[in-house]
Amino acid sequence: MPSVRAEIFRDAIEDYDLLCLLKAKVERAQKVADLKRRKWLERAKALLWADDLILAPNKFVDDPTAYEQRHRALLEALSSG
């Protein structure tokens, strides 16, 4: 059974990978100008920023639900874009 620290580290790596995939998808999508794509693009760009989770260099949101919601939103953006 993995430790909590190992599980959190694994989740962080997965989230980093999702962010990299989304960033690449955003860069490709910026070349397309249709309205549907623009709405997705705005949402995807917002997901790439973490200012709602990282409040200061040493202060982060304490609620794990916020991180779970962001993870689901990343997956949704990647699957719908």
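Attention in this report is confined to the structure presented alongside it. What you see is a predicted model; the values in this text were computed from it and never measured.

Scoring rules and cut-offs
- Residues numbered from 1 in each chain as written.
- Predicted model: local features only at pLDDT ≥ 70, side-chain atom pairs only at ≥ 80, totals over all residues.
- Heavy atoms only, no water.
- 1 Å grid on protein atoms, 1.4 Å probe; cavity = no way out; pocket = protein on both sides within 12 Å on 5 of 7 lines; lining within 4 Å.
- Points joined across faces, edges and corners; volume = space filled by probe spheres on them.
- Helix = DSSP H or I, 4+ residues; strand = E, 2+ residues; numbered from the N terminus.
- Nonpolar A, V, L, I, M, F, W, Y, C, P; charged D, E, K, R; others polar.

1. What to know about the layout of surface pockets
Next up, step 1: Its boundaries defined by the atoms lining it, the largest pocket holds a volume of some 560 Å³.
Next up, step 2: For the largest pocket, the lining is made up of 21 residues, of which Asp11, Ala12, Asp15, Tyr67 and Glu68 are closest to its centre.
Next up, step 3: Listing elements by their share of the lining of the largest pocket, those giving two or more residues are helix 1 (4–29), helix 2 (35–48) and helix 3 (64–80).
Next up, step 4: A total of eight residues in the lining of the largest pocket trace back to one element, the largest contributor, which is helix 1.
Next up, step 5: When grouped by side-chain class, the residues that make up the lining of the largest pocket number 14 nonpolar, one polar and six charged.

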